[in-house]
Amino acid sequence: MARYFLHLSNSVGYLRDDEGIDVTNSDEAGRIAAQTIRSMLSEEVKQGRFDLRGRIEIADDHGNTVRTVPFHEAIQMFTDGPA
Amino acid sequence: MIERHLAKLRARGDLSQEEEQAIRAAISEYRDYPADCTIIAAGVEVDHSTLLLDGFMCRYKDLRNGQRQITELHVPGDFADLHSFTLKYLDHDIMTLTPCRAAIVPHENLRRITEQFPHLTRLYWFGTNVDAAIHREWELSLGRRTARGKLAALFCELQLRLQVVGLADEQGYDLPLTQTDLAECTGLTNVHVNRTLKELREAGLVEVQGGRVAILNLADLRRAGEFDPRYLYLRNV
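Asks: Residue-level account of the sheet that holds strand β7 (residues 100-106) of chain B, with values.
Replies: Residue and element names in this part refer to chain B. The antiparallel open sheet is built from three strands, whose spatial order is β1-β7-β3. Sheet topology places β1 (29-33) and β3 (48-54) at the edges, where each strand pairs with a single neighbour. Neighbouring strand axes in the sheet, compared pairwise and without regard to direction, differ in orientation by 35 degrees on average. Two elements, β3 and β7, share six bridges in a ladder whose sense is antiparallel. In the strand pairing of β7, H48 is matched with P106. Sitting on the sheet, helix α4 (residues 107-116) touches β3 and β7, and the angle it makes with β7 is about 60 degrees.

Encoded structure:
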């Protein structure tokens, strides 16, 4: 297990994760970051707002950013063409 | 040792000296558990109920993909599984969230209480009904409340339940849980909990830091969580 920290940056500002999550590797941390983004966006959508301008920075135990997940990478979006 | 349990019972009904003595006599031993330890596994037959004296425990269920839902938190003074007396095995696990001290009450001794102390038996029945009421309130949170409402409701519930056993006042209480624990209580993710805690702090409702829940404005926090304490049935408070 390794500890990763998911720092959030969006239109509201920057939110540091001081607690972190214990996962097997950075891929799993990436999956959790995507789930997190979907969870937060879904809540916003229920309030009639959808803002994709944000990202989660995944940092390791030494504080190095190992990966960045932009909000738009966590979802598939369709706006044109037939439904 | 069981003063918090007695305080919890007395918040909901009167308790005689004989009944108090019967509870003390029903305890067979005391056990200490480390944090993060599953003390009762779903599906396994148990012959005793666990009375939490110190620390925090939870009831939880897991999905195959590892996602966990905590279905109720237990505070000192709670029976974590009085319902195992009749159910014999549980449909959920019970684990410690912090180091815990518990009293073990064999089902055989509970059976004796039901035979000899009908009023105390009704108080315990009342207790399992209150657990069901707490579950209904959590259903409402999980299904319908916003992230902010879910956490506000949870902090209000714990404030009152801990106050009953002398571990909280209107300014706040110690809550040595992680953001992961709170996420698993509310069906949110850690980061979402973190962000919502920031919102609650900035709105002047509650500040959660370093294992302490500092209530900044109880009336507004209750409004944010649409908290109606009647579901806790505290008749004598």
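Moving on from the model shown.
Asks: Which residues make up empty space enclosed by the protein, and what are the values?
Replies: Residue and element names in this part refer to chain B. Tallied over the entire structure, the rule returns three cavities of 30 Å³ or more. Every residue lining the largest cavity is listed: H5, K8, L9, R12, F79, L82, L123, Y124, F126, G127, T128 and D131. Residue assignment for the lining of the largest cavity shows that the elements contributing at least two residues are α1 (3-10) and α5 (118-144). Here the residues of the lining of the largest cavity sort into six nonpolar, three polar and three charged.

Asks: How would you sum up the pairing of strand β4 (residues 55-59) of chain A? Please name residues and give values.
Replies: Strand residues, when the strand is regular, have side chains that alternate between the two faces of the sheet. Residues and elements named next belong to chain A. Here β4 lies mainly inside the structure; four of its five residues are buried. As paired strands, strand β1 (residues 2-10) and β4 are joined by five bridges and run antiparallel to one another. Each residue of the ladder has a partner; that of S9, found in β4, is R55. Both β4 and strand β5 (residues 65-70) contribute to a ladder of five bridges, which runs antiparallel. In the sheet register, I58 faces β5, and the bridge partner there is R67.

Asks: For the packing of helix α7 (residues 179-186) of chain B against helix α8 (residues 190-202) of chain B, give the residues involved together with the corresponding values.
Replies: All names here are of chain B. Axis separation between α7 and α8 bottoms out at 8 Å; the angle between their running directions is 95 degrees. Compared by their axis directions, α7 and α8 come out roughly perpendicular. Within the contact between the two elements, α7 uses Q179, T180, L182, A183 and T186 and α8 uses N190, V193, N194 and L197. Classifying every residue of the contact of α7 with α8 by side-chain character gives four nonpolar, five polar and no charged.

So, how was this worked out
- For every chain, the first residue of the written sequence is number 1, and numbering continues from 1 along that sequence.
- Each chain is given a letter, starting from A, and each ligand a number, starting from 1, according to the order in which they appear as written.
- With pLDDT at 70 or above as the cut-off, local features in this predicted model cover only qualifying residues; side-chain atom pairs require 80 or more to be listed or tallied, and sums for whole chains, interfaces and linings still use all residues.
- Excluding hydrogens and water, the side-chain values take into account all heavy atoms of the structure.
- A strand pair is defined by DSSP finding two or more bridges across the two strands.
- Strands are runs of DSSP state E lasting at least two residues, helices are runs of H or I lasting at least four, and both sets are numbered from the N terminus onward.
- For helices, the fitted axis covers only the stretch in contact; all axes are lines through C-alpha atoms, and the angles between them, taken along N-to-C directions, range from 0 to 180 degrees.
- Throughout, a contact is declared for two residues whenever any of their heavy atoms are within 4.5 Å.
- Only protein atoms enter the 1 Å grid used here, on which a cavity is any set of points holding a 1.4 Å probe that cannot leave and a pocket is any open set flanked by protein within 12 Å on both sides along at least five of seven lines; residues with an atom within 4 Å of a point are listed as lining.
- Grid points are joined across faces, edges and corners, and a volume is the space filled by probe spheres set on the points.
- Amino acid classes used here: Ala, Val, Leu, Ile, Met, Phe, Trp, Tyr, Cys and Pro are nonpolar; Asp, Glu, Lys and Arg are charged; the rest, including Gly, are polar.
- Buried, partly exposed and exposed residues are distinguished by accessible area as a fraction of the type maximum, computed with a 1.4 Å probe on protein chains only: under 20%, between the cut-offs, and over 50%, respectively.
- Should an angle lie under 35 degrees it is considered roughly parallel, over 145 roughly antiparallel, and from 65 to 115 roughly perpendicular; all remaining angles are considered oblique.

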